[in-house]
Every structure is written in C-alpha cells, then in structure tokens.
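Below are the chains, spelled out letter by letter.
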Amino acid sequence: MSRSTLINWLIVLAVVALAAVPLFLGSATGFGGADGIAAAQIEAANPGFEPWFTPFFEPSPETASGLFALQAAIGAGFLGYFFGVARTRRRLNRD
Amino acid sequence: MHIAEGYLPPLHAVAWTVVAAPFVVHGARAVVRQVRDEPETKLLLGAAGAFSFVLSALKIPSVTGSSSHPTGTGLGAVLFRPPVMALLGTIVLMFQALLLAHGGITTLGANAFSMAIVGPWMAYGVYRLVKRLGGGLTPAVFLAASLADLATYCMTSVQLALAYPDPASGVLGSVVKFGSIFAITQIPLAVSEGLLTVLIVRLLVKVSPAELIRLGVLRRPVEA
C-alpha cells in the first residue's frame, strides 16, 4: 500500500472513530437529532406553541429512513460514477 | 441546522427568503455560466453537489449525546466559488423539505441562508485566507470545510434566537441557548466534515488534476 493510500484509510478510520466514540460514551437522550431538540426547546419556552405551517407530505419514520438512505445513495452513486469516469479517463490518457 | 416547517414566525420566514433569494438566483446563473464556459468541469460540479447530498443525509452521533449532520458545502465552495453552492445547497434542502418533511418550505429561505450561503462563503474566505498565509492545500481545505460546517450551525442558532429571544436574557441569551444545542454538538462533526473533504480533494488531485488546475485549485501539474 502506498503512503498516500495509507493516509486516505487513516482519514476514513478517524471519521469512523469520531462517530463511534460517542456511541460508546452513551447518551442520556438517545442521540436525538439536534434539529428536533431545538424545536422542543422552542415549544418548552413558548407554551401552546403550534407551528403555523405543516408539511404537505410527511413520510412515516420507516419511509423517512428509506428516503434518507435514497438521498445518500443518489449522492454516493454519483460520486462513484464520477471517480470511475475520472480514473478511467486518466488511465487511458496516460497510455 | 434544519429549522422545522412552520417554526419561524411568518415575518422571519419571509425576511430570510427575501435575503436568500438573490444569492440563489445569482447561484443558478453561476452554475449555468460554469457549465457553459467550462463544460469539462460539469462532472466535477455534479460531484460537488453529490458530496453535499450524501453528507447532509448522514446523521452522526456526537459527544453531546445528540445527533446532527454535516453539510458538505465546503468542497463545492472551494472548487467552484460560493455562488454555485447557493443553488446546489438549496436543491438539497428542497429535496429534504418536500420528500422528507425535514426542514420546510416556509423555513427554506432561512435554512438556505445558513447552509447554502453562509457556509460556502465561510469556506471560501477561510480557504483564501489560509492560502494567502502560505498554508498548503490540505490545511486550507480542512479548515474551510470544518469552519463552514460550524458557521452554518451558528447561523441557525442566531436565526432561532432572533425569532425566539429569551424573555430574561434577550436575543444574546437565546443565541447561547440554541448555540449550546447546535454548535457544540457540531464540533466533532465539523472535524469529520473537514477530514472527509480533505479525503475527496486528495482523491481529486490524483484522478482529475487537469480540472483542479483549470479551477485554480492546483498550480502546476502534479506527478501521480
């Protein structure tokens, strides 16, 4: 493995560690989303708060997790396509 | 950083939309110009958008015990300048608002301002500053991406504080309150985003140096 590849893998490892360490430390609130916590904070500070507008379409939690996965898949899919094209193009140009 | 649908008072929602709209329109024109003038960078532009698409879908646990997500806007801002990300970031937010009920249409202006405008400009400013101070590509990209991520969440805290000032300590107290929810949670995520952006740029230097030279990110051809 070249030095450059090793550094790339170490970066990946660091990112995984940054996400995994909190999981081992645990959470009193079950790792709720910060967006939701902020919304709850607004509701707590303003009794009787009702959002004045609601989404047209609100997927069930199951569907939402699927759609989040879809979002990541579309992005990752395109990135993979890009790197495939770029790498191949560079190889062919070199020959 | 997604302010939920209907959580900003109408006046604030309209005001942030009015503030964000010109940036997004200007961004749309920047994207069109980029594609027309340098068609060979079209695919890379798509990749920058895709990076933001992936990263903003990943909710990652943080040391504060809550979860949040990176924004992925620093990469495109460094490569293509910030206006392009004003459009691409807003597209990401619209996808999430319409399909995932995450964020919202009434809060799109405010969310676009923090994620698609403040973040990318922060990234670009930091990138240029580090470069001017003689920093290399890696530290410049790392600081740009992670500080853009943090700036986005600080902006969200300010937006919420302006809408919901604390009865006792006012807007400033409220900034601290929302900042403690968002900004601190975001610190490890900002580091992750910086690292991932550095990783992508390292790979780009390897596979498409010609595009990076054309965009002014690399000076001279590098040996692979």
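Owing to the predicted nature of the structure, the values given are computational and were not obtained by experimental measurement.

1. A closer look at the overall build of chain A
Step number 1: Scanning chain A for helices and strands turns up three helices and zero strands.
Step number 2: Counting helices and strands in the order they occur from the N terminus, chain A gives α-α-α.
Step number 3: Taking 2.2 N^0.38 as the reference for a compact globule, 95 residues should give roughly 12 Å; the C-alpha atoms of chain A span a radius of gyration of 21 Å, well beyond that estimate.
Step number 4: On chain A, the mean spot of the 6 positive side-chain charges and the mean spot of the 6 negative ones are 37 Å from each other.

2. A short note on a nonpolar patch on the surface
Step number 1: There is a patch of nonpolar side chains on the surface, built from Phe56(A), Phe57(A), Met94(B), Leu98(B), Leu99(B) and Ile105(B) and spanning about 550 Å² of accessible area.
Step number 2: The topology assignment puts Phe57(A) in the loop between α2 (34-45) and α3 (61-94).
Step number 3: By relative accessible area, which is 39% here, Phe57(A) ends up partly exposed.

3. Considerations on the interface of chain A and chain B
Interface size is often expressed as the accessible area that is lost when the parts come together.
Step number 1: Taken residue by residue, the interface counts 57 residues in chain A and 62 residues in chain B.
Step number 2: Across the interface of chain A and chain B, roughly 5,000 Å² is buried in total on both sides, 73% from carbon and sulfur atoms.
Step number 3: Considering only the side of chain A, the residues that lose the most area to chain B are Trp52(A), Phe68(A) and Gln71(A), jointly responsible for 14% of the buried surface there.
Step number 4: Taken together, the connections running from chain A to chain B amount to one salt bridge.
Step number 5: Ionic pairing is found between Arg89(A) and Glu211(B), a salt bridge with its closest N-O pair at 3.6 Å.
Step number 6: Looking at the side of chain A that touches chain B, the elements with two or more residues in it are α1 (3-25), α2 and α3 of chain A.
Step number 7: Counting residues per element, the side of chain A that touches chain B draws most heavily on α3(A), which supplies 19 residues.

4. Comments concerning the nonpolar core
Proteins that are soluble and globular tend to have nonpolar side chains buried together.
Step number 1: Core analysis: the largest hydrophobic core is formed by 47 residues, its most contacted members being Leu44(B), Leu79(B), Phe80(B), Tyr127(B) and Leu204(B).
Step number 2: The residues contacting Leu204(B), other than those within four sequence positions of it, are Phe82(A), Phe83(A), Leu44(B), Leu75(B), Leu79(B), Pro209(B) and Leu212(B).
Step number 3: One finds Ala39(A), Ile42(A), Trp16(B) and Phe178(B) within the second-largest nonpolar core, a separate group that totals 37 residues.

5. As for the pattern of salt bridges
Residues and elements named next belong to chain B.
Step number 1: Using the criterion set out here, one finds four salt bridges over all chains in the structure.
Step number 2: A salt bridge links Asp37 to Arg36, with the nearest nitrogen and oxygen atoms 3.3 Å apart.
Step number 3: Since its relative accessible area comes to 57%, Arg36 is described here as exposed.
Step number 4: The salt bridge involving Asp166 is made with Lys177; its shortest N-O contact spans 3.4 Å. Of this pair, Asp166 sits in the loop between α6 (137-163) and α7 (170-207) while Lys177 sits in helix α7, placing them 11 residues apart in sequence.
Step number 5: Residue classification places Asp166 among the buried positions, given a relative accessible area of 18%.
Step number 6: Assessed through its relative accessible area of 21%, Lys177 is described here as partly exposed.

6. Describing the confidence of the model for chain A
Detailed reading of the predicted coordinates is not advisable wherever pLDDT is low.
Step number 1: For chain A, the mean per-residue pLDDT works out to 91, and 100% of the residues sit at or above 70.
Step number 2: Looking at the elements of chain A, mean pLDDT is at its lowest for α2(A), recorded as 91, and at its highest for α1(A), recorded as 94.

Calculation criteria
Residue positions are given per chain, counted from 1 along the sequence in the order it is written. Key to labels: chains lettered from A, ligands numbered from 1, both in the order written. Where totals are concerned, whole chains, interfaces and linings use all residues; where local detail is concerned, this predicted model gives features only for residues with pLDDT of at least 70, and gives and counts side-chain atom pairs only at 80 or more. Hydrogens and water molecules were not included; the side-chain quantities draw on all heavy atoms of the structure. Put simply, DSSP H or I for four residues or longer makes a helix, DSSP E for two residues or longer makes a strand, and each gets a number counted from the N terminus. Here the globule rule reads 2.2 Å times residues to the power 0.38, and the radius of gyration is calculated from C-alpha atoms. For the charge count, each Lys or Arg is scored as positive and each Asp or Glu as negative, with His and the chain ends excluded. Charge positions come from single atoms, namely NZ of Lys, CZ of Arg, CG of Asp or CD of Glu. Each patch groups residues whose relative accessible area exceeds 30% and which form no salt bridge, using 9 Å between like charges and 5 Å between nonpolar side chains of Val, Leu, Ile, Met, Phe, Trp and Tyr. Only the protein chains shown count as cover for residues, with accessible areas throughout obtained via the Shrake-Rupley method and a probe of 1.4 Å. The rule for a salt bridge is simple: a side-chain nitrogen of Lys or Arg has to be within 4 Å of a carboxyl oxygen of Asp or Glu. Burial classes: relative accessible area under 20% of the type maximum marks a residue as buried, over 50% as exposed, and values in between as partly exposed (1.4 Å probe, protein chains only). Contacts between residues were defined by any pair of non-hydrogen atoms, one from each residue, lying within 4.5 Å. Accessible area, probed at 1.4 Å, shrinks when two parts are joined; the buried area is that loss added up over both. Grouping buried Ala, Val, Leu, Ile, Met, Phe, Trp, Tyr and Cys residues that are joined through side-chain atoms within 4.5 Å yields what is termed a nonpolar core. For every residue, the pLDDT score states the predictor's confidence, bounded by 0 at the bottom and 100 at the top.

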